[in-house]
Amino acid sequence: MRLEPVTGGIGADVLETDFSVPFGDRSAEQLRRALDQYLVLFVRDQNIDRMRQKQITAIFGPLSRLPYVEPLDDDPDVVAVLKEADEVKVGVFGGDWHSDFSFLECPPGGSVLHAVEVPPVGGDTLWANQILAYEALPEDLKTFVNPRRAVHLGAPYGVNYAPPEKTRSGRSIRMTRGDPTADIERLHPVVRTHPRSARKALFLNPIYTTRFEDMSVEDSAPILARLYAHMTRPELCCRHRWRVGDLVVWDNRTTLHFAVNDYDGFRRLLYRTTFAGESPV
Ligand code: OGA
Ligand code: MN
């Protein structure tokens, strides 16, 4: 297996590895280590079916299902991340900086996307390295975040904070709303330690984090704004231009990601699988 970094800060291409056949223990561990190190892995030209995608996903953690997002009719483990060509001027799934479902007690450990259909241009995805973000924090912010907890709220999926209809994603991704448990504030540490690599990462979510523990939303807002600007600086990021057959794995504990919604008029379809994570510590 050859790993070629795609930027100075995050992401690597995985080369000279056949993903179409089962991995032995040694190469599976090599792959997990590669994800620990680079946080996002890119594999080109993968002609794999959904069963194989699920097997690959399970290398990184137990296969798990997403709440609130409707999976494929014939496979509850797979979500179609889809925007049709005629879905224009609508939001897109993941169209702001976020990590996935951080308002859960145990947010996903990571996810895998496999590109089936992509626009001729546009529809890129960005990731940002939150280990580097933590390490590069100015001293005053480092002191502020450590040790502190923040509130994560599943606002879009709850009752009280569900967004207005017009800001919702297009019809091709069906999301359940109106779950009162998504309105419950969940506390997570602002700095979390990765269970495998023991590296520390900032764990704040521009979509779901509302405030710091024992602080109001108003008092938290300017500090969060400063942190978010820092956490998404270009030198912490990589940007992936999708091709059909691309298989991408990311660590959801130590990265943020962003789906760029700039391809109205074109169809984009990726199959998505998820592996489980733990309660952040
Ligand atoms: C996701 C997500 C990004 C994309 O699947 O969680 O945010 O580019 N997708 O589709
Ligand atoms: Mn996402």
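Preceding this section is the structure that the text describes.
Thresholds applied
Residues numbered from 1 in each chain as written. Chains lettered and ligands numbered in written order. Predicted model: local features only at pLDDT ≥ 70, side-chain atom pairs only at ≥ 80, totals over all residues. Heavy atoms only, no water. Helix = DSSP H or I, 4+ residues; strand = E, 2+ residues; numbered from the N terminus. Rg over C-alpha atoms; globule rule 2.2 N^0.38 Å. Buried < 20%, exposed > 50% of the residue type's maximum accessible area, 1.4 Å probe, protein only. Contact = heavy atoms within 4.5 Å. Areas by Shrake-Rupley, 256 points an atom, 1.4 Å probe, with all protein chains shown as cover. Lys, Arg positive; Asp, Glu negative; His and termini not counted. Charge placed at Lys NZ, Arg CZ, Asp CG, Glu CD. Near = heavy atom within 4 Å. Polar contact = N/O pair within 3.5 Å; in protein donor to acceptor, adjacent residues only side chain to side chain. Nonpolar A, V, L, I, M, F, W, Y, C, P; charged D, E, K, R; others polar. Pairing = 2+ DSSP bridges. Axes fitted to C-alpha atoms, helices over the stretch in contact; angles between N-to-C directions. Phe/Tyr/Trp six-rings, centres within 6.5 Å; stacked < 30°, edge-to-face > 60°. Lys NZ or Arg CZ within 6 Å of the ring centre and 35° of its normal.

Draft legend 1. Looking closely at the overall build of the protein. Along the backbone of the protein there are 5 helices and 16 strands. Taken against the 2.2 N^0.38 rule, which gives 19 Å for 281 residues, the C-alpha radius of gyration of the protein at 18 Å falls within 12% of a compact globule. With the principal axes as the frame, the protein shows a C-alpha extent of 50 × 40 × 30 Å. Going through the 281 residues of the protein one by one, you find that 52% of them count as buried. For the protein, the proportion of contacts with a sequence separation of at least 24, taken over those separated by at least 6, is 81%. Summed over all atoms, the accessible surface of the protein reaches about 12,600 Å², with 52% contributed by carbon and sulfur. Taking the average place of the 34 positive charges on the side chains of the protein and the average place of its 39 negative ones, the gap between the two points comes to 2 Å.

Draft legend 2. Here's a closer look at the site of ligand 1. Close to ligand 1 lie Val 81, Phe 93, Gly 94, His 98, Asp 100, Thr 125, Trp 250, His 257, Ala 259, Arg 268 and Arg 272. Between ligand 1 and Asp 100 there is a distance of 3.1 Å, counted from an oxygen atom to a side-chain nitrogen or oxygen. The side chain of His 257 places a nitrogen or oxygen atom 3.0 Å from an oxygen atom of ligand 1. Secondary-structure elements contributing two or more residues to the shell around ligand 1 are strand S15 (255-259) and strand S16 (268-275). Along the lines of polarity and charge, the residues of the shell around ligand 1 split into 4 nonpolar, 4 polar and 3 charged.

Draft legend 3. Seen up close, the sheet that holds S15. With antiparallel pairing, 3 strands are arranged side by side in an open sheet as S13-S7-S15. In this open sheet, the two edge strands, each paired with only one partner strand, are strand S13 (237-240) and S15. Strand-to-strand, the axes of this sheet are offset by a mean angle of 20 degrees, without reference to chain direction.

Draft legend 4. The pairing of strand S14 (residues 247-251), seen in detail. The buried count for S14 comes to 5 of 5 residues, which makes it a mostly enclosed element. Of the two faces of S14, both are covered, the one formed by Leu 247, Val 249 and Asp 251 as well as the one formed by Val 248 and Trp 250. Of the pairings in the sheet, the one linking strand S3 (residues 40-43) to S14 comprises 4 bridges and is antiparallel in character. By the bridge assignment, Val 40 is partnered in S14 with Trp 250. Pairing between strand S6 (residues 110-117) and S14: 5 bridges, direction antiparallel. Note that in S14 the partner of Val 112 across the bridge is Val 249.

Draft legend 5. Just the sheet that holds strand S8 (residues 149-152), in detail. With respect to topology, 3 strands assemble into an open sheet ordered S9-S8-S12, the strand pairing being antiparallel. Of all strands in the sheet, those bounded by a partner on one side alone are strand S9 (186-189) and strand S12 (209-212). Mean inter-strand twist for the sheet, computed between neighbouring axes without regard to direction, equals 35 degrees. Note that S8 and S9 share 4 bridges and pair antiparallel.

Draft legend 6. Up close: the pairing of S8. Summarising the sheet, S8 and S12 pair through 3 bridges and their orientation is antiparallel. Each residue of the ladder has a partner; that of Val 151, found in S12, is Arg 211.

Draft legend 7. How the structure looks around the environment of Ile 56. As for its position among the elements, Ile 56 is in helix H2 (residues 50-58). You can call Ile 56 buried: its relative accessible area is 0%. Filtering out sequence-adjacent residues up to four positions away, Ile 56 remains in contact with Phe 19, Ile 48 and Leu 247.

Draft legend 8. Looking closely at the side chain of Arg 192. Relative to the elements of secondary structure, Arg 192 occurs in strand S10 (residues 191-193). The buried category is assigned to Arg 192, whose relative accessible area is 2%. Residue contacts for Arg 192: discarding those within four places in its chain leaves Arg 199, Lys 200, Ala 201, Phe 203, Arg 253, Glu 278, Pro 280 and Val 281.

Draft legend 9. How the structure looks around the packing of aromatic side chains. A full pass over the atoms with the stated rule returns 13 aromatic pairs. In textbook terms, an aromatic cluster arises when at least three aromatic residues are bridged by ring pairs, as seen for Tyr 68, Phe 101, Phe 103, Tyr 157 and Tyr 208. We note Lys 83 situated over the ring of Tyr 263; from NZ or CZ to the ring centre the distance is 4.6 Å.

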